[in-house]
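# Understanding the architecture of this molecule
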Amino acid sequence: MTLNHGAFIDILASWEDPHYGGASPPPRKKLKRTQGGVGCDESCSSGGGKTEESLGGTASMQHQTEVTNGASVPQLNGSSDGGSAVTVNGVKDETKKALKLDPINRDMVRLIGQHLANLGFQSTVEQLMAESGCRLDHPEARRFKSSVVEGDWQAAEAALLELQSMLNNTTHLTEMRFLILEQKYMELLERGDDIGALNCLRGEISPLDHNISRVHRLSSLIFYNNPAELKKATNWLGSGPESHMALMERLSAYLPPSVMLPPRRLERLVIQSVQHQVATCEFHNTSIEPLLKVDNLEGLSLSDVVVSSSCLLTDHHCGKEHFPSTCLYTVTEHMDEVLVAAFSPNGRYLATAGKDFSLLIWNVDNTTLKISKRHCLDGHNFSIVFLSWSHDSTKIIACMHEDASELIVWDAERGKQVCKVSDSTSDSLTCACWYKDNERFVCGGLRGQFYLCNLEGAVLERWEGVRVQSLAVHADGKTVLASDTHRRIRGYQLETVQDYSILQEDHGIMTFSLDTTGRFALLNVTTQGLHLWDLNSRTLVRRFRGATQKHCTIHSCFGGINQDFIASGSEDHKVYIWHRNQELPVAVLSGHQLPVNCVTWNPVQPSMLVSVSDDRTIRIWGPSQTNRLNRDADAASTSGGLSDGDDDEPDSPRASNFQFPHSLISGLDISSH
């Protein structure tokens, strides 16, 4: 049958338009997808040739590789054309276009992709990179990393040569080759291939003429026959994936971030952010994040450092729940002005002393923050002006007023006198400090005495002509730091008879203390207040404002978690607390009726602070939450033996040995300077 042109058009219309009553067009043959992803219709033979459409499928797969991996080699950041279709797992989606991102957002995508890849979400990373038009690393960098992780050192060196033009510094190539060959050499030694290791050392490592001292060290390792001894002597992880990944982290430090992202970069940024928030938090005083102060993050993951997920979901902020902002108790045991107080290094004991000639040793309950009297040590003929605990918390030195010619060493646990030091009736021994062996100590005074003594009271060494006002032993265990009447601090090594200048002030240094690292010194300076010095750089770091100090001797301290805080008494009857990074106080504690002479922070319980004053009282400061818990416990166990102290005059001497709760008498006064 022959159809004319008009009839043919009508038939086509009836297939495509329901208005004409026609049906849908007949189905076309579907393409089968072979294992390689190439389309083929049913008429193709099993070994048949590819149709034009199937060839297009192959081209599409090639294009997919280009899009997924990124742009061509010259583009280091590896972003594809923003208008191209998104292709994931070999499937091209024409409805989606790769986004056009600015450089910052491209880097953010790469950081997120790297973190997801480290967690194992590889397919998610591929889709993310395809949709964003980004890539994690340069293709040559990926090949280099793969070779290193697999331990294929020949392929790693070849890939490294391909990256040579992308390095910022040409010397980095030599260093990277050295690290790779060092790993190769160590693995040969571990396998017992001494000949291969020797050939590597002579033929590959030595010709680099790099890090000669390290080459000499490597040559000495060839005599180790036991792999375990080799690892122990070099602190090497051995061959294997862990060691190879550690090497790759070291190598990646030499590659530009546009070529390969630094390892775990997003984790490090998050950790640094949380660290900064904690460091600038005014009241952070807990150890919930034990590793947040770690400077070297090598080997640490985000889960190691940030314990609570809330640290990531919200900005870090601490209230006063763990901060010593409330006066919990007031103790009125002393009969005269209390001049000094000091916690033992283990935090179990508190010592207080003053013008009543008595040294009181207290037991400390680090849970309730209560103290109870352990010993009352008498035998002093003058006011006690300085206390120094031994490092093992078993002994304490009591130094007296400058008119006294002796000092006394006490056994704090048994309450017995250990020895007296009195070399001459004209001596004045007003300060002292212990060596780390707990068997020797240094003492001195304003009349020029400067002695090294033992526990028998004998003077072992002496340094004449130094008028000492305050002493401390440096963290190195050898150097004694002494402030003198020349407004300076000098370092002395009494055993080798050496001394040197450390810092110079414009006004007299009344007292000073060191932090646990020995790097920072806190000075109470006449008419100037508190100054913080960096002893390493010998520079003045900060002047703290707020407290009043004229010519009185005031003892200040570092304290709180990680010693992030500084506390001091003041002639205006208040206790001032600063964050060591801020000049203005974060808290001002009111309650004392006369000048506050000394403040000491419990080294074990960072929420416990003690102050002593001319008003004859010892005040224990702690978090308000502790006060509420203790009041509830006291109320539950009332038996007529305890009183809240409201009926007693807190300033009356010897009124009682009871510790008065002071939640209603004193509180926190946030400074508004």
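The notes below deal with the structure included here. (Residues numbered from 1 in each chain as written. Predicted model: local features only at pLDDT ≥ 70, side-chain atom pairs only at ≥ 80, totals over all residues. Heavy atoms only, no water.)

### Some words on the pairing of strand S7 (residues 349-354)
As a reminder of what qualifies: Categorising residues by exposure relies on relative accessible area from a 1.4 Å probe, with only protein chains included: less than 20% of the type maximum marks a residue as buried, more than 50% marks it as exposed, and the intermediate range marks it as partly exposed. Only runs of H or I of at least four residues qualify as helices and only runs of E of at least two qualify as strands under DSSP, and these elements are numbered from the N terminus. At least two DSSP bridges between two strands are required for those strands to pair.
Here S7 lies mainly inside the structure; six of its six residues are buried. The side-chain alternation of S7 yields two buried faces, one formed by Tyr349, Ala351 and Ala353 and the other by Leu350, Thr352 and Gly354. Sheet analysis places strand S6 (residues 338-343) next to S7, joined by five bridges and oriented antiparallel. Across the sheet, Phe343 pairs through a bridge with Leu350, a residue of S7. Sheet topology places S7 next to strand S8 (residues 359-364); five bridges connect them, and they run antiparallel. Along S8, the bridge assignment pairs Ala353 with Leu359. If you look at the hairpin formed by S7 and S8, you'll find four residues sitting between the two strands, and Phe357 has a positive phi there, around 70 degrees.

### Some thoughts on the pattern of salt bridges
As a reminder of what qualifies: A pairing counts as a salt bridge when a side-chain nitrogen of Lys or Arg comes within 4 Å of a carboxyl oxygen of Asp or Glu.
Under the defined criterion, the tally for this structure stands at 21 salt bridges. Residues Asp107 and Arg110 are paired through a salt bridge, measuring 3.8 Å at the closest nitrogen-oxygen approach. Linking Asp107 with Arg110, this pair stays in helix H3 (residues 103-119), spanning three residues, or about one helical turn. The exposure class assigned to Arg110 is buried, which follows from its relative accessible area of 2%. With its nearest N and O atoms 3.4 Å apart, the salt bridge here joins Asp403 to Arg447. Linking Asp403 in the loop between strand S11 (395-400) and strand S12 (407-411) with Arg447 in the loop between strand S15 (440-444) and strand S16 (450-454), this pair joins segments that are 44 residues apart in sequence.

### Quick look at the sheet that holds strand S22 (residues 509-514)
Test applied: Working convention: axes come from line fits to C-alpha atoms, limited for helices to the stretch in contact. Angles between N-to-C directions cover 0 to 180 degrees.
In spatial order, the strands read S22-S23-S24-S25; together these four strands make up an open sheet with antiparallel pairing. At either end of the open sheet lies a strand with only one pairing partner, and these are S22 and strand S25 (539-544). Direction aside, the axes of adjacent strands within the sheet are offset by 25 degrees on average.

### Overview of unusual backbone geometry
The phi dihedral of Asn438 falls on the positive side, at around 60 degrees, and the residue is not glycine. Its place among the elements puts Asn438 in the loop between strand S14 (431-434) and S15. Judged by relative accessible area, Asn438 falls into the buried class, the value being 12%. At Gln563, a residue that is not glycine, the phi angle is positive and equals roughly 55 degrees. Position of Gln563 relative to the elements: it lies in the loop between strand S26 (557-559) and strand S27 (565-568).

### Considerations on the packing of aromatic side chains
Basically, it comes down to this: Only rings of Phe, Tyr and Trp enter the pairing, Trp through its six-membered ring, and a pair is recorded when the two centres are within 6.5 Å. The plane angle decides the type: under 30 degrees is stacked, over 60 is edge-to-face, the rest tilted. Geometrically, a lysine NZ or arginine CZ counts as sitting over a ring once it is within 6 Å of the ring centre and also within 35 degrees of the ring normal.
Evaluation of the coordinates by the stated rule reveals eight aromatic pairs. Here Phe565 and Trp601 contribute two aromatic rings whose centre-to-centre distance is 6.0 Å and whose plane-to-plane angle is 20 degrees, an arrangement assigned as stacked. Of this pair, Phe565 sits in strand S27 while Trp601 sits in strand S30 (residues 596-601), placing them 36 residues apart in sequence. Among the residues examined, Phe565 registers a relative accessible area of 0% and is labelled buried. Members of the aromatic cluster, connected to one another through ring pairs, are Phe323, Phe565 and Trp601. Taking NZ or CZ as reference, Arg580 lies 4.9 Å from the ring centre of Phe520, over its face.

### What about the packing of helix H7 (residues 171-191) against helix H9 (residues 212-220)?
The line we're drawing: We call two directions roughly parallel when the angle between them is under 35 degrees, roughly antiparallel when it is over 145, roughly perpendicular when it lies between 65 and 115, and oblique otherwise. For this analysis, residues touch if any pair of their heavy atoms sits within 4.5 Å.
Remark: H7 packs on H9, axes separated minimally by 11 Å, with the N-to-C direction vectors making an angle of 10 degrees. In terms of their interaxial angle, H7 and H9 are classed as roughly parallel. Two secondary-structure elements touch here, H7 through Phe178, Glu182, Tyr185 and Met186 and H9 through Arg214, Val215, Leu218 and Ser219.

### Describing the side chain of Ser607
When you line up the elements, Ser607 lands in the loop between S30 and strand S31 (609-613). For Ser607, a relative accessible area of 9% corresponds to the buried category.

### A closer look at H7
One turn of an α-helix holds 3.6 residues; hence residues three or four places apart share an orientation. Rules: Expected helix span is taken as 1.5 Å per residue step, with the number of steps being one fewer than the number of residues.
Between its first and last C-alpha, H7 extends 31 Å over 21 residues, near the 30 Å set by a 1.5 Å rise per residue. Counted residue by residue, H7 has 15 buried out of 21 residues, so it is predominantly covered. Among the residues trailing H7, Gly192 stands out with phi positive, at a value near 85 degrees.

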